[in-house]
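# Residue-level structural notes
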Amino acid sequence: MSTSFKSIRYFIAVAESGSISAAIQELGVSQSVVSAAIAQIEADLGTLLFERRARGMSLTHAGHQFLRHAHQIEVAMRNARDALASRPHTVTGSLNIGVTSLMVGYYLPFLLDRFRRVFPRIQVQITEDRRDYLEHLLVSGELDVALIVVSQLQNYRALETETILRSGWRVWCPVNHRLVSEERIQAAELAQQSLILLQVDELGDATTALWNAGGADPNVLIRTSSVEAVRSLVATGAGCSVLPDMLYRPWSLEGDRIEARPLVQPLPPLDVGLAWRKGAVLPESLSNFLTAVRPTLDGYLPATGGHLR
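This text gives an overview of the structure that appears in the document. From a predicted model like this one, the values you see are computed outputs, not experimental measurements.

Take the overall build of the protein chain next. Tallying secondary structure elements over the protein chain gives eleven helices and 14 strands in all. Each of the three principal axes of the protein chain carries a C-alpha extent, and together these read 70 × 50 × 35 Å. Taking contacts inside the protein chain between residues at least 6 apart in sequence as the whole, the part at least 24 apart equals 71%. For the protein chain, the exposed surface amounts to about 15,800 Å²; the carbon and sulfur share of it is 49%. The distance from the centre of the 29 positive side-chain charges to the centre of the 31 negative ones in the protein chain is 6 Å.

In this section: the sheet that holds strand β3 (residues 93–99). Ordered by their spatial adjacency, five strands build an open sheet running β4-β3-β5-β12-β6, and the pairing between neighbours is mixed. Bordering the open sheet on either side are β4 (122–128) and β6 (159–167), each of which pairs with just one other strand. Adjacent strand axes in the sheet meet at a mean angle of 20°, parallel and antiparallel pairs treated alike. One ladder, built from four bridges, connects strand β5 (residues 145–149) with strand β12 (residues 270–277); its direction is antiparallel. Residue pairing for β12: V149 is matched across the bridge by V272. Running over the sheet, helix α7 (residues 131–139) touches β3, β4, β5, β6 and β12 and is turned about 150° from β5.

Quick look at the side chain of S285 now. Of note, S285 is situated in helix α11 (residues 284–293). The contacts of S285, once residues within four sequence positions are left out, are S94, L95 and D144.

Two cysteines form a disulfide when their sulfur atoms are joined by a covalent bond. Throughout the structure, instances matching the rule amount to zero disulfides. With no disulfide of its own, C173 lies closest to C240 among cysteine sulfurs, the gap being 3.9 Å. Looking at C173, the relative accessible area reads 1%, which means it is buried.

This part is about α7. Among the residues of α7, those classed as buried are R131, L134, E135, L137 and L138. Looking down the long axis of α7, one finds its buried residues gathered within 165° of arc, a one-sided arrangement. The elements touched by buried residues of α7 are β3, β4, β5, β6 and β12. Immediately beyond the C-terminal end of α7, within one or two residues, lies G141, with a positive phi of roughly 85°.

Membership of the largest hydrophobic core comes to 62 residues, with the highest contact counts inside it found for L102, L147, L190, L247 and L274. Apart from residues no more than four positions distant in its own chain, L147 is found in contact with G98, V99, T100, M103, Y107, L108, L111, I164, V272, G273 and L274. Core analysis: the next-biggest nonpolar cluster, separate from the first, contains 22 residues, A13, V14, A23 and V34 among them.

Here the focus is the packing of helix α2 (residues 20–27) against helix α3 (residues 31–45). For the pair α2 and α3, the least separation of the axes is 9 Å and the interaxial angle reads 110°. In terms of orientation, α2 lies roughly perpendicular with respect to α3. Seen along the crossing, α2 lies across α3 with a hand that is right-handed. Across the interface between the two elements, I20, I24 and L27 from α2 touch Q31, V34 and S35 from α3.

A separate point is helix α1 (residues 5–17). Under the 1.5 Å per step criterion, the end-to-end length of α1 is 19 Å for 13 residues, consistent within 8% with the ideal 18 Å. Note on α1: the residue one or two positions beyond its end, G18, has a positive phi of about 90°.

Right, let's talk about the packing of α1 against α2 for a bit. Look at α1 against α2: their axes get within 8 Å of each other, and the N-to-C directions meet at 125°. Classed by the angle they form, the pair α1 and α2 counts as oblique. Considering how the two elements wind past one another, α1 and α2 form a crossing that is right-handed. Contact with α1, carried on its side by R9, Y10, A13, V14 and S17, involves I20, A22, A23, E26 and L27 of α2 and no other residues of that element.

About the thresholds
Residues numbered from 1 in each chain as written. Predicted model: local features only at pLDDT ≥ 70, side-chain atom pairs only at ≥ 80, totals over all residues. Heavy atoms only, no water. Helix = DSSP H or I, 4+ residues; strand = E, 2+ residues; numbered from the N terminus. Contact = heavy atoms within 4.5 Å. Areas by Shrake-Rupley, 256 points an atom, 1.4 Å probe, with all protein chains shown as cover. Lys, Arg positive; Asp, Glu negative; His and termini not counted. Charge placed at Lys NZ, Arg CZ, Asp CG, Glu CD. Pairing = 2+ DSSP bridges. Axes fitted to C-alpha atoms, helices over the stretch in contact; angles between N-to-C directions. Disulfide = S-S within 2.5 Å. Buried < 20%, exposed > 50% of the residue type's maximum accessible area, 1.4 Å probe, protein only. Arc of directions from axis to C-beta. Core = buried A, V, L, I, M, F, W, Y, C linked by side-chain atoms within 4.5 Å. Parallel < 35°, antiparallel > 145°, perpendicular 65-115°, else oblique. Left-handed = near helix turned anticlockwise from the far one by under 90°. Expected span 1.5 Å × (residues − 1).

Nothing here speaks to function; it is all geometry.
Have a look at this one:
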């Protein structure tokens, strides 16, 4: 995409003034520049944002949707400017981050690296524990922020959240397994296979709901807390597994291939994100953290194999 922040500013001005002629008086640029910027955004998004009329321009439904995101981008840029204006490399303080065992290896290193590059003098302490205990620490004020599965929060009324990504679930199979030939797999049929189940961050509870709904008792070979153990066992033919797509890689560490197929009746998606205690004013350390890592929330995490939400 070639849309620039300046183009987004031009879009907001036209959307709020109702015409290009009114917008250019505020922006101080030519009509052709604004028209070209809007045309570029529409080309990048693949949809029309305005209905052109004889006496102005009105937003389409897609235009109204994009305007909301455009305002969020504008606010994020203003926050970033404020943070940089305060010379973030000189800011001191402390930040307590909670993280579950599943998130430690997949998302924490990338976000932590981003934060330390912007605020290198803020001291970071990390607590790894179960999601329910991290929620307790957030509510009690012992943690500033936690990187957890936010779709399974118990204290959602006391916590603010920001989703990083939403992950569906698929069945992992050895490359030569008979289920690989099926486009979608029934839970009852899967329950008859040898199963390797990952028992971390309450993922096991989610898959238990799958068997309960199907009315079948699963044939569990092993329950393990190691993602790499699941990969190796599946890839070498020991059995199948059901895991979120955010964990999927087509190869094990030994180089054996893993296939993945969707379920006939999919499990509810898993939302991974940041959580912090609700309050009228964000603590400075948390505000700094969100300012530093938010640009990544619409970016790409190398560890995920996919885009953030």
